[in-house]
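Structural characterization, general
Single-letter residue listing:
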Amino acid sequence: MSARLVFHALRRVFRNGRGASVAIAELDMSLEPGSFTAVVGPSGSGKSTLLHIAAGLDTQFEGEFVREPADATLACLFQQPRLLPWRTARDNVAFVLEARGSSRAQARQRSEELLALVGLAPAAAKFPSQLSGGMQQRVALARALAVDPDLLLMDEPFSALDEITAARLREELVALYLQKQRTILFVTHDIAEACYLAERVVVMSAHPGRIVADISIELPRPRRPDDPRLAEYAGKVLAFIDDGMSEGAIS
Amino acid sequence: MIVPEGEPADAARPPRAAYAGRAQAILYVVASLVLLALAWQGASFIVGADVLPGPVASVLAIRKSASDGYLWSDIAITAYRIAGAFGIALVVSIIAGVLLGRVRVAERLLGPWVTIGASVPSLVIIVVVYLAVGITDRAAMIGTALIVAPSMTFAVWDGMRAINPELQEMARAFAVPRFTIVRQVVLPQTIPFIFTAARTGLSLTWRIMIFVELLGRQSGVGYRIQYYYNLVDMSRVVAAALPFVALMLAFEFGVLRPLERYAFRWRRAEAR
């Protein structure tokens, strides 16, 4: 099952001793079940804040945020793999399964299957420190898939990787998405990546964070990263980001 | 669609190279010990054997002490007191360190106490505890623990600051129950610092306990050192301390290090 996300009149203000900064000024957006949405924007546009709210990690917002169904299973993939360094690849995946009540044996078996799915079967018994950055991020992907999420939240998951590894993982992500059709919210500052992956690209501007454009990418899959039509979309997105920035500078 | 990535080059060294490396390591340890014995002998020549007996004289004195019959009972009683003091200090410092590291109010209110505690002269603490508790083994343990605890608390406290909040955030995003997060995500991160605290704490405990025994006990290594010092029998003074030094070293290399290696095998992989 896929989850639906609705943000209505969402506002998030960070207050500290000296003052307040508006991370998200006013945001209305809904994600349909099974959709793949990318949010792009410069740093300070509140896109990571949005993801934290969607993940339930940040509850200090104003306005409305609804996740349907309320008990939807969600999984996160972060910029850093965030693996437990003292657990092997297999036990890192098993960790989230055990925490959800699977027996140890079940969790281990399932995690080996998932590691095989992301092409890491031979590395199951290795510790994260023995794996390359790309392999660690694959383990994190296997962990995210382990819970069979209704909603997959991704926060610049490929930006810390070299471009060759990142390209390969993007391809794998698309393949998994087409196979499972789960709702995905993907945050990135990489415009080309957003256009290549998503069906819909939401452009945010900074200071304060708000939506300046909502573009659907009407290209059939599989897409080729060097498709000139993708470059066209990217140019469009970039124009909106530039507009948003100059507007922000004036106000 | 998903291409398996090649395994990273397995960095485990071939067995022959490993043996050679091990032999070399042992050679260095032996060389280091021989050099130390020579330096000791040299120092003994310079200041006089009656003030600082050489290694051979000291080892012979150990045999004399052993035949007197209290060598092993001294070691046993001192080891017992050290174990008690160390246990108290470890529990206190873990509780205090975790509290200071996790609770902001505790850090602000009680943090300075640790610094103050660390700067109170050991002698004052020992004397006060002996007077308050009575001149007993229990007082010796409590007094030593109080002296050792501040530096161990600092180590644990520092460790708590180094805990990575991103891992907790990850676990929360995956709806891992709170208690499981503490047990499986937070606690494992504190173990390296608890090891550091234990290691420095144990050697400090041993050195302090000798003083504490000297001041108020009628048995143990510290008492024996004072006894022979008063008789100006320096070879027996060294002979009293030497077996316990060996015991502490054996504990360090025989128990603590292997335990640490096992607990941090995931870290060793990193060093490769």
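Just so it is clear, the model here is predicted, and its values are computed rather than measured.

Moving on to the environment of Glu113(A). Residue and element names in this part refer to chain A. Inspection of the secondary structure puts Glu-113 in helix H3 (residues 104-117). Assessed through its relative accessible area of 41%, Glu-113 is described here as partly exposed. Through-space distance from the C-alpha of Glu-113 to that of His-189 is 32 Å; in sequence the pair is 76 residues apart. For Glu-113, the side chain forms a polar contact with the side chain of Arg-110, separated by 3.1 Å.

Once that is clear, we can look at empty space enclosed by the protein. Regions of empty space are outlined by a rolling probe, equal in size to a water molecule, passed over the atoms. Considering all chains together, one arrives at two cavities of 30 Å³ or more under this definition. Space inside the largest cavity adds up to approximately 140 Å³. Lining the largest cavity, in full, are Leu141(A), Leu145(A), Asp148(A), Pro149(A), Leu152(A), Leu173(A), Leu176(A), Tyr177(A), Lys180(A), Gln181(A), Arg182(A) and Ile184(A). Within the residue set of the lining of the largest cavity, elements represented by two or more residues are helix H4 (133-146) and helix H5 (163-180) of chain A. When residues of the lining of the largest cavity are assigned to their parent elements, the largest contribution, four residues, is made by H5(A). Tallied by class, the residues present in the lining of the largest cavity amount to eight nonpolar, one polar and three charged. Lining the lining of the largest cavity are residues from two domains, each supplying at least three of them: domain 1 (4-73 + 149-245) and domain 2 (85-148) of chain A. What lines the second largest cavity is simply Ser65(B), Tyr70(B), Leu71(B), Asp74(B), Ile75(B), Val221(B), Arg224(B), Tyr228(B), Arg236(B) and Ala240(B). Within the lining of the second largest cavity, the residues separate by chemical class into six nonpolar, one polar and three charged.

Residues and elements named next belong to chain A. Read from one edge of the open sheet, nine strands run E4-E1-E2-E9-E8-E3-E7-E6-E5, paired in mixed fashion. One side of each edge strand has no neighbouring strand; the edge strands of this open sheet are strand E4 (62-68) and strand E5 (74-77). With direction set aside, neighbouring strand axes in the sheet form an average angle of 20°. Of the pairings in the sheet, the one linking strand E2 (residues 20-31) to strand E9 (residues 209-216) comprises two bridges and is parallel in character. Bridged to Ile-24 within E9 is Gly-209. Of the strands in this sheet, strand E1 (4-15), E2, strand E3 (36-40), E4, E5, strand E6 (151-155), strand E7 (183-188) and strand E8 (200-205) touch helix H1 (residues 47-54), which is tilted by about 120° from E1.

On to the packing of aromatic side chains. All names here are of chain A. Applying the stated criterion across every chain, the model contains 12 aromatic pairs over all chains. For the ring pair Phe-36 and Phe-186, a centre distance of 6.2 Å and an interplane angle of 40° mean the geometry is tilted. With Phe-36 in strand E3 and Phe-186 in strand E7, the pair connects residues that are 150 residues apart, well separated along the chain. When the centroid spacing of 6.3 Å and the interplanar angle of 80° are considered together, the rings of Phe-61 and Phe-65 count as edge-to-face. Using a relative accessible area of 22% as the deciding quantity, one classes Phe-61 as partly exposed.

Cut-offs applied
- Residues numbered from 1 in each chain as written.
- Chains lettered and ligands numbered in written order.
- Predicted model: local features only at pLDDT ≥ 70, side-chain atom pairs only at ≥ 80, totals over all residues.
- Heavy atoms only, no water.
- Helix = DSSP H or I, 4+ residues; strand = E, 2+ residues; numbered from the N terminus.
- Buried < 20%, exposed > 50% of the residue type's maximum accessible area, 1.4 Å probe, protein only.
- Polar contact = N/O pair within 3.5 Å; in protein donor to acceptor, adjacent residues only side chain to side chain.
- 1 Å grid on protein atoms, 1.4 Å probe; cavity = no way out; pocket = protein on both sides within 12 Å on 5 of 7 lines; lining within 4 Å.
- Points joined across faces, edges and corners; volume = space filled by probe spheres on them.
- Nonpolar A, V, L, I, M, F, W, Y, C, P; charged D, E, K, R; others polar.
- Domains from an automatic or database assignment.
- Pairing = 2+ DSSP bridges.
- Axes fitted to C-alpha atoms, helices over the stretch in contact; angles between N-to-C directions.
- Contact = heavy atoms within 4.5 Å.
- Phe/Tyr/Trp six-rings, centres within 6.5 Å; stacked < 30°, edge-to-face > 60°.

Without other data, these values stay purely geometric and don't point to any function.
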